[in-house]
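So you can see what is in the structure, the chains are spelled out below.
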Amino acid sequence: MNPLELSTDDFRRLALRVSTLAEQWLAELDTRAIAPATTGSATEALFAEGLPEEGLKDGALDALGAVMAGTRAGNARFLAYVLGSGEPVGALGDYLAGVLNQNVTAWRSSPTMVSMERAVVRGLAAAVGCQGFTGSLTGGGSSANLMGLTMAREAKAPANEEGSPSGVVYASTEVHMSIPKALALLGLGRRNLRLIPTDTEWRMRPDALERAITDDVAAGRRPLAVVATAGTVNTGAVDPLKDVAAIARRHGLWMHVDGAFGALAAMAVPERFEGLALADSLSMDAHKWLYQPVDCGVLLYREAAAARRAFTFSGDYVRTMSSDSVEGFAFFDESLELSRRARALKPWLSVRYHGLRAFREAIRKDLENASLLAERVRAEPKLELLAPVPLSAVCFRYIAGLAEPERDAFNTRLMARLNARGRVYLSNATLSGRFALRACFVNHRTTAEDVRTVVAEVLATAKELQGA
């Protein structure tokens, strides 16, 4: 027998053990402490023996309990970062994708999975008001942003053959870290990222953008692209997309929208994203506001020809051997990746099971929860709201009995103690030099009662710290 072969009975037995663990995890998720009771030395010790020379057979699964015990529980009160809640039907799609083990690189490699991904991308584009856009699924917003800016460079200052020319990219001071990373990887250099100031609501100022472009042209520099943000990581601010698009068009620049956090909310509140469809390229993360298990990013673009211009380069060994528009299609002609897993199975199955309406309702509920938290913060004299709440990120801090110079240090300690308590988990942001507690609602499990728990836990933790 092949040493790696598994009988159907063996597979069924192992799959049942894993499924039972998964069921238990979901059943206990809401009562688990979010922060696991573990340390760096403890997690390293779990794997200190290394990889065995001889197989452990069924015993290989015995360690899964300890692995799961040391894992953060993304329950209803996990409100840190911008991380979706791992909708379980999507997880089943991920499981099947692993079993099918398709390389979704070209139609001839994986016919149904390629057509499925193309359909999922078209459907998501239409759902956010970008009908006619095409694209692909990616590992996340960082890779989608890198690909979008690669397309921008090749459209405005081709460099694939002769090397990278200089050029300037514009984004707000609230831009995500993936954008300067992309400029570094593209050889444009982070110094050629022009950071545009924001208004009082943390949105890019169009007047400042116009002035920066004009100044660069006058100085002999070459503007290439504008990156507008649809949901900044700190506050969820949405740049004035329509105004930014008009400026980009007037100056002949590519407009990329980093919508990894917020763009999928256009399914539920399209009025907050006016101008989204004016983008040349757009990133979104289905593992954020479509609640899918990671990873499931999306890159959309207006013209497939722009993607092919940026990414087409292949050897004879991958020729598709077909001129048919479907059977000759290859994602590697429009993407950085050659090997690509079947990412579309999870959103396809998840949306088929629940329907788009259910996702729109879940997004609206997240928005309502964020508004509710903001209201409760405003109503509590011991707390201070630090930014508007245009989407679902709420930035606030504890202020009672603290002079301004003491507040950053106290809230830093408060967040660490709060998260260690395990009932609520928040992240942080820095706004105008001030440390903020940050709750971000992209979790389909969160209820209004969980929102009330956030405030109660913050106040209780502060009392602990001040008592100590």
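One can find the structure itself at the top, above this paragraph.
Residues numbered from 1 in each chain as written. Predicted model: local features only at pLDDT ≥ 70, side-chain atom pairs only at ≥ 80, totals over all residues. Heavy atoms only, no water.

A. Region of the structure containing the environment of Leu-278. Turning to its location among the elements, Leu-278 is positioned in the loop between strand S5 (254-259) and strand S6 (281-285). Taking the C-alpha atoms as reference points, Leu-278 and Cys-130, separated by 148 residues in sequence, lie 8.4 Å from one another. Residues in contact with Leu-278, not counting those within four places in the same chain, are Lys-242, Ala-245, Arg-249, Met-255 and Arg-302. (Helix = DSSP H or I, 4+ residues; strand = E, 2+ residues; numbered from the N terminus. Contact = heavy atoms within 4.5 Å.)

B. Region of interest: a nonpolar patch on the surface. Together, Leu-6, Phe-11, Tyr-95, Leu-96, Val-99 and Leu-100 make up a nonpolar patch on the protein surface, roughly 530 Å² of accessible area in all. The greatest single-element share of the nonpolar patch, amounting to four residues, is contributed by helix H4 (residues 88-100). Structurally, Val-99 is set in helix H4. According to the relative accessible area criterion, Val-99 is partly exposed, its value standing at 47%. (Patch = residues over 30% accessible without salt bridge, like charges linked within 9 Å, V, L, I, M, F, W, Y side chains within 5 Å. Areas by Shrake-Rupley, 256 points an atom, 1.4 Å probe, with all protein chains shown as cover. Salt bridge = Lys/Arg side-chain N within 4 Å of Asp/Glu carboxyl O. Buried < 20%, exposed > 50% of the residue type's maximum accessible area, 1.4 Å probe, protein only.)

C. Region of interest: the sheet that holds strand S7 (residues 297-301). Taken in spatial order, the seven strands make up an open sheet running S1-S7-S6-S5-S4-S2-S3, and their pairing is mixed. Looking at which strands have only one partner, the edges of the open sheet turn out to be strand S1 (134-138) and strand S3 (193-196). Going from strand to strand, the sheet's axes swing by 20° on average, the running direction of each strand aside. Judged from the four bridges that link them, S5 and S6 form a sheet pairing that is parallel. In the strand pairing of S6, Gly-259 is matched with Met-284. (Pairing = 2+ DSSP bridges. Axes fitted to C-alpha atoms, helices over the stretch in contact; angles between N-to-C directions.)

D. The arrangement of the side chain of Asp-285 in detail. Of note, Asp-285 is situated in strand S6. Looking at Asp-285, the relative accessible area reads 2%, which means it is buried. Separated by 2.9 Å, the side chain of Asp-285 and the backbone nitrogen of Gly-141 make a polar contact. (Polar contact = N/O pair within 3.5 Å; in protein donor to acceptor, adjacent residues only side chain to side chain.)

E. Representation of the pattern of salt bridges. For the coordinates displayed, the defined rule picks out 33 salt bridges. One salt bridge connects Asp-9 with Arg-12, and the closest N-O pair in it is separated by 2.9 Å. A residue pair is termed a helical-turn pair when its members lie 3 or 4 positions apart in one helix, as Asp-9 and Arg-12 do in helix H1 (residues 8-28) at three residues. On the basis of relative accessible area, Arg-12 is assigned to the exposed category, the value being 52%. Two residues, Asp-62 and Arg-17, come together in a salt bridge whose shortest N-O distance is 3.0 Å. A residue pair is termed long-range when its members are at least 10 positions apart, and Asp-62 in the loop between helix H2 (40-46) and helix H3 (64-69) and Arg-17 in helix H1 qualify at 45 residues. Several salt bridges share partner residues, and in doing so they unite Glu-117, Asp-295, Glu-337, Arg-340 and Arg-343 into one network.

From the geometry alone we can't say anything about function, so treat these as descriptive.
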